[in-house]
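Letter by letter, the chains look like this.
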Amino acid sequence: MIKKTDNKTADSIARGRHMSGLYETDESDVLVLPLGDRAIVVDWGGSIHPDTHGKIRALCSQMERNPVPGIVEVVPAYTTVTVFYEPLKLRDPVTGDQWSRSGGKDDRSPFEIIKRIVSRMVMGLESVEAGSSRIVEIPVCYGGEFGPDLHDVAVHTGLSAEEVIKIHASQDYLVYMIGFAPGFPYLGGMPERIAVPRRSSPRPTIDPGSVGIGGKQTGVYPIATPGGWQLIGRTPLKLFRPDHAAPSLLQMGDIVRFRPIAPEQYAAWKEDDI
Amino acid sequence: MSLYIIKSGLLTTIQDQGRFGYQQQGVIVSGAMDSFALRAANVLVGNDQGDEALEITLRGPSIRFDAEALIAICGGNLSPSIGGQKVPLWRPVIIRAGEVLEFGPCIWGARAYLAVAGGIDVPLVLQSRSTYLRAGLGGLEGRALRTGDVLRCGAVSDCAAKYTRNGLAALESKPFAAAPWFIGFPSRPAYAQEPVIRFIQGRDFRHFTEESKAAFVSRPFYVTPQSDRMGYRLEGQAIRLMQPFEPISEAVSFGTVQVPPEGNPIILMADRQTIGGYPKIAQVASVDLPVLAQVKPGESIRLAEISLEHAEELYMDAEQSFALTEKAIGLYLTKERGV
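Residues numbered from 1 in each chain as written. Chains lettered and ligands numbered in written order. Predicted model: local features only at pLDDT ≥ 70, side-chain atom pairs only at ≥ 80, totals over all residues. Heavy atoms only, no water.

1. As for the overall build of chain B
Then step 1. Helix and strand content of chain B: 5 helices and 21 strands.
Then step 2. Projected onto its principal axes, the C-alpha positions of chain B cover 70 × 40 × 35 Å.
Then step 3. Classification of the 339 residues of chain B by burial places 58% in the buried group.
Then step 4. A separation of at least 24 residues holds for 77% of the contacts in chain B among residues at least 6 apart in sequence.
Then step 5. When the accessible surface of chain B is totalled, it reaches about 12900 Å², and 51% of it is carbon and sulfur. (Helix = DSSP H or I, 4+ residues; strand = E, 2+ residues; numbered from the N terminus. Buried < 20%, exposed > 50% of the residue type's maximum accessible area, 1.4 Å probe, protein only. Contact = heavy atoms within 4.5 Å. Areas by Shrake-Rupley, 256 points an atom, 1.4 Å probe, with all protein chains shown as cover.)

So, in structure tokens, the structure goes:
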């Protein structure tokens, strides 16, 4: 049984919002609903919170440890886990039956089968996995040519550039998920004091490794993409490494710390310095 | 055997069924836009259905074959020809060494798939050969084909080799020979002009106004020129929320229909991001994704709602039908008498 989150009010509001009367599970405060005919969403509702994140990690590692035939892949997000599946390869966890459409009353559709599979997994999760969070230090050369918007951020926040750097680099950030682009971390934990709106017009291309602030979020661009975040620095680390088995340097659940480095250190950086 | 790219065409990339298993690392799935045509073309040349092929967009390339080869072209009709003669689609074709395959005007559809027996010999990147241009991943050096490229082909299956040998014997002086049998209309997706694309309600469907929900299923939507492999940007009656609503970002899928605040829906396609944050009004039924993939910018579509159960049944029917098609093709390919 899953423990209720502290944020019970927000949770029930969120449930009310998502409730369609058709797809919620009865046994817990978790919703299970379809994303079309080949994916299912497990939704804890509520707001973005480390507790929910812990449950999401627990479900993902459970699925990794016990691969289910027919499950193609699992995509965690802030408050949901989406499970992609091949409908014709699923087997009912109780009866072992595949989808047959024989017309019998015990026939279960692929959605009903996958719902059974994931609901049982969610029930089986003892509690939030303590999980040993990996700490990843990311060296960042702040300001100058690498952080063209650092000055604007300082002006907007009423801080000095040094203070912005100090605040940004003295925080532990939780990697809630990887998305938007290959290896791009959605980080939680940035102090609101250094929050700044996105740029009014996005840059057509941003260099890989750029560290930015967009609203209340901060992140690192792993590949060259267009983007509207305020750029405050750049890391010499490669966040996306397609030749690795785990191509994203950062993984969901990691703790990120930014460490300021000088331009000379940036220039002299070698891949194996980490 | 190698393919010499004499002219690259508008956008020709190597695609297979997609790069699965890495979305939680933020890696975009990519893969063929029209997965049916990809699978069909592969099966017709004796490859595995999920192998890589060339995805040819609107204006096709010119390709010289340095040795005889067994090929198949499926999907959109981009006027393929060899030696000035039309090459029919949806069937095996044996091409003589040294001949050039060319493409002309786009008669119907948006994308053609050219499969070559043995596949194309490019490295697997994260377990797939699909090209994802923005990250420079997969395919040939992570990019679209260019004039002057040379693609090496892989090892041909025994049945394809035998079929080709028999066919060559009957070729006489012709530059190519096409099989008299082919994948017929009933065995293909419901490709059409201004097709009706069936969808299941998205999780945020009920957040939209009644007027918008009604317009969504009754009015045609125009596929704008800004549409690409990442997504189709639609224009029609603006789709409005009852009140502002920003869902928490979560996974999206091939065929997820999101509505940004300005009200023009976007259907996410093969090169979609892994995570999306706009309200989801609909999810296209899997069986209609190939149909949608053949709609080109400037054309329109209509949308029709179906139940999840119906979408599942359509999917099963389509997969069973394809399995039969694959079996039949296997039998035809192993017949002794060749093309």
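2. Some details on the interface of chain A and chain B
How big an interface is tends to be reported as the loss of accessible area on association of its parts.
Then step 1. Taken residue by residue, the interface counts 56 residues in chain A and 44 residues in chain B.
Then step 2. Summed over both sides, the interface between chain A and chain B buries roughly 4000 Å², with carbon and sulfur atoms accounting for 60% of that surface.
Then step 3. Inspection of the region where chain A meets chain B yields 1 salt bridge.
Then step 4. The shortest N-O distance in the salt bridge between aspartate 43 of chain A and arginine 203 of chain B comes to 2.5 Å.
Then step 5. On inspection of chain A and its partner chain B, the count reaches 14 residue pairs in polar contact (both at pLDDT 80 or more).
Then step 6. Those elements that place two or more of their residues in the side of chain A that touches chain B are α1 (8–18), β1 (31–34), β2 (39–43), β3 (71–76), β4 (80–85), α3 (110–124), β6 (173–178) and β11 (225–227) of chain A.
Then step 7. The element contributing the most residues to the side of chain A that touches chain B is β3 of chain A, with 5 residues. (Buried area = accessible area lost by both parts, 1.4 Å probe. Salt bridge = Lys/Arg side-chain N within 4 Å of Asp/Glu carboxyl O. Polar contact = N/O pair within 3.5 Å; in protein donor to acceptor, adjacent residues only side chain to side chain.)

3. A few points about the domain arrangement of chain B
Residues and elements named next belong to chain B.
Then step 1. Partitioning chain B into domains gives domain 1 (2–188 + 321–334) and domain 2 (196–306).
Then step 2. Between the C-alpha centres of domain 1 and domain 2 there is a distance of 30 Å.
Then step 3. With 25 residues of domain 1 at the contact, the number on the domain 2 side is 17 residues.
Then step 4. Of the roughly 1600 Å² buried between domain 1 and domain 2 on both sides combined, carbon and sulfur atoms contribute 53%.
Then step 5. Linking domain 1 with domain 2 are 1 salt bridge.
Then step 6. For glutamate 55, the salt bridge goes to arginine 229, with nearest N and O atoms at 2.8 Å.
Then step 7. Our count for the domain 1 to domain 2 interface comes out at 11 residue pairs in polar contact (both at pLDDT 80 or more).
Then step 8. Among the elements that take part in the side of domain 1 that touches domain 2, strand β10 (residues 108–116) stands out by supplying 5 residues, more than any other.
Then step 9. When the residues that make up the side of domain 1 that touches domain 2 are grouped by side-chain class, the tally is 12 nonpolar, 10 polar and 3 charged. (Domains from an automatic or database assignment. Nonpolar A, V, L, I, M, F, W, Y, C, P; charged D, E, K, R; others polar.)

4. A short note on the side chain of serine 30 of chain B
Residue and element names in this part refer to chain B.
Then step 1. Within the secondary structure, serine 30 is located in the loop between β2 (11–15) and α1 (35–44).
Then step 2. The exposure class assigned to serine 30 is buried, which follows from its relative accessible area of 3%.
Then step 3. Reaching out from serine 30, the side chain makes a polar contact with the side chain of aspartate 271 at a distance of 3.0 Å.
Then step 4. Apart from residues no more than four positions distant in its own chain, serine 30 is found in contact with Gln15, Gly18, Ser130, Thr131, Tyr132, Arg229, Ala270 and Asp271.

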